[in-house]
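Residue strings, one per chain:
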Amino acid sequence: MADILSAMPVDENYTSSVSSVVGFEQAWRYMTDNYTRFQIAAFGSGFFHFLSYILISLPSVVFQFIPYMQRFKIQQDKPLTGANQWECIKLLLVNQFVIHIPFYLGAYYYCELVNLPFTYDTMPKWYVTLAHCFACLVIEDTWHYFNHRLLHHKSIYKYIHKLHHTWQSPFGMVAEYAHPIETMVLGMGTMWGILLFGDHLILLWVWMWIRLIETIDVHSGYDVPLNPMHLFPFYGGAKFHDFHHMNFNGNYAPTFTWWDKIFGTDIQFKEYYEMKEIEAKKQK
Ligand SMILES: [Zn+2]
Ligand SMILES: [Zn+2]
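Figured I'd write up the structure that's included with this text. Because the structure is a prediction, the values reported are computed rather than measured.

Looking now at the overall build of the protein chain. When its secondary structure is counted, the protein chain shows ten helices and zero strands. Listing each helix as α and each strand as β along the protein chain from the N terminus yields α-α-α-α-α-α-α-α-α-α. Taking the principal axes of the C-alpha coordinates as reference, the protein chain spans close to 75 × 45 × 40 Å. Looking at the 284 residues of the protein chain, the share that counts as buried comes to 41%. Restricting to contacts in the protein chain with at least 6 residues of sequence separation, those with at least 24 account for 74%. Carbon together with sulfur atoms contributes 68% to the accessible area of the protein chain, which is approximately 16300 Å² in total. Seen as two clouds, the 19 positive and the 24 negative side-chain charges of the protein chain have centres 12 Å apart.

Right, dumping it as structure tokens:
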């Protein structure tokens, strides 16, 4: 049989696409065969989060050293310095221990409580996982909008959310620069979708990736053209959230623009860019 197969002509395009899927399958099976559910859910998820955060933040860190990219920086008058980036990294490292390790230990207990499947054979179709991730994004955006407004209430702002607003001109790594209480309150928004749709560990990991890409993109400080995230209708993007950091008010939703549109909390943002457009026309 092996001789017959080896004698058959091979379509290289077909085999490379199949082998990449098989590569993923082999890696997943290797993981589930060699590690316990505790190791995968708690330490695997935590390590995956940490590594993803570094990788996704990397482009906006590198952009500051590329002169061509400076034209895309949103707040041109506020350059980054090594000192403020180091200050940001220090708190992120503390948060790894204070927030992320307990959070992923909790994630393991959730997986056990609902007996969440981990195996490759029980993995849902890719389009089902993507549809669930989109629903998670809509739910998280709603939760975040209202609780973010609450965190801006003058009686509590200075105790919790002020820390995130240390950065008037944000950069990618600022995404998780927040008070532990804020991380817990707003972080709950990422869990509601999982509680509703959790059907496999893969949903937790893909959703984590999408959420990290979104939050790091909106904090990047760069409005780069041809950004594929803008293919999503109503996606706010870096310009939208950067204005929130610059102005301290308005544009409370992290991902989509609809809640700010409905409640009129995007008015200052619109006026600001209308003024900028008028000034640019005058100078021509
Ligand atoms: Zn805020
Ligand atoms: Zn922010």
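Surrounding the zinc ion (ligand 2) are the protein donor atoms His164 (NE2), His219 (NE2), His241 (NE2) and His245 (NE2), which sit 2.1 to 2.2 Å from the metal. Classification of the site at the zinc ion (ligand 2) as irregular follows from its four donor atoms and the range of 91 to 166 degrees in their angles at the metal.

Further remarks concern the packing of helix H6 (residues 180-197) against helix H7 (residues 201-218). Between H6 and H7, the shortest axis-to-axis distance is 11 Å and the interhelical angle comes to 150 degrees. When the axis of H6 is compared with that of H7, the two are roughly antiparallel. In this structure, H6 meets H7 at a crossing whose hand is right-handed. Contact with H6, carried on its side by Thr190, Ile194 and Phe197, involves Leu203, Leu204, Trp207 and Arg211 of H7 and no other residues of that element. Each residue belonging to the contact of H6 with H7 can be placed in one class, and the counts come to five nonpolar, one polar and one charged.

Rules used in this analysis
- Residues numbered from 1 in each chain as written.
- Chains lettered and ligands numbered in written order.
- Predicted model: local features only at pLDDT ≥ 70, side-chain atom pairs only at ≥ 80, totals over all residues.
- Heavy atoms only, no water.
- Helix = DSSP H or I, 4+ residues; strand = E, 2+ residues; numbered from the N terminus.
- Buried < 20%, exposed > 50% of the residue type's maximum accessible area, 1.4 Å probe, protein only.
- Contact = heavy atoms within 4.5 Å.
- Areas by Shrake-Rupley, 256 points an atom, 1.4 Å probe, with all protein chains shown as cover.
- Lys, Arg positive; Asp, Glu negative; His and termini not counted.
- Charge placed at Lys NZ, Arg CZ, Asp CG, Glu CD.
- Donors = N, O, S within 2.8 Å, 3.2 Å for Na, K, Ca; no water.
- Tetrahedral: all angles 85-135°; square planar, octahedral: opposite > 155°, others 65-115°.
- Axes fitted to C-alpha atoms, helices over the stretch in contact; angles between N-to-C directions.
- Parallel < 35°, antiparallel > 145°, perpendicular 65-115°, else oblique.
- Left-handed = near helix turned anticlockwise from the far one by under 90°.
- Nonpolar A, V, L, I, M, F, W, Y, C, P; charged D, E, K, R; others polar.

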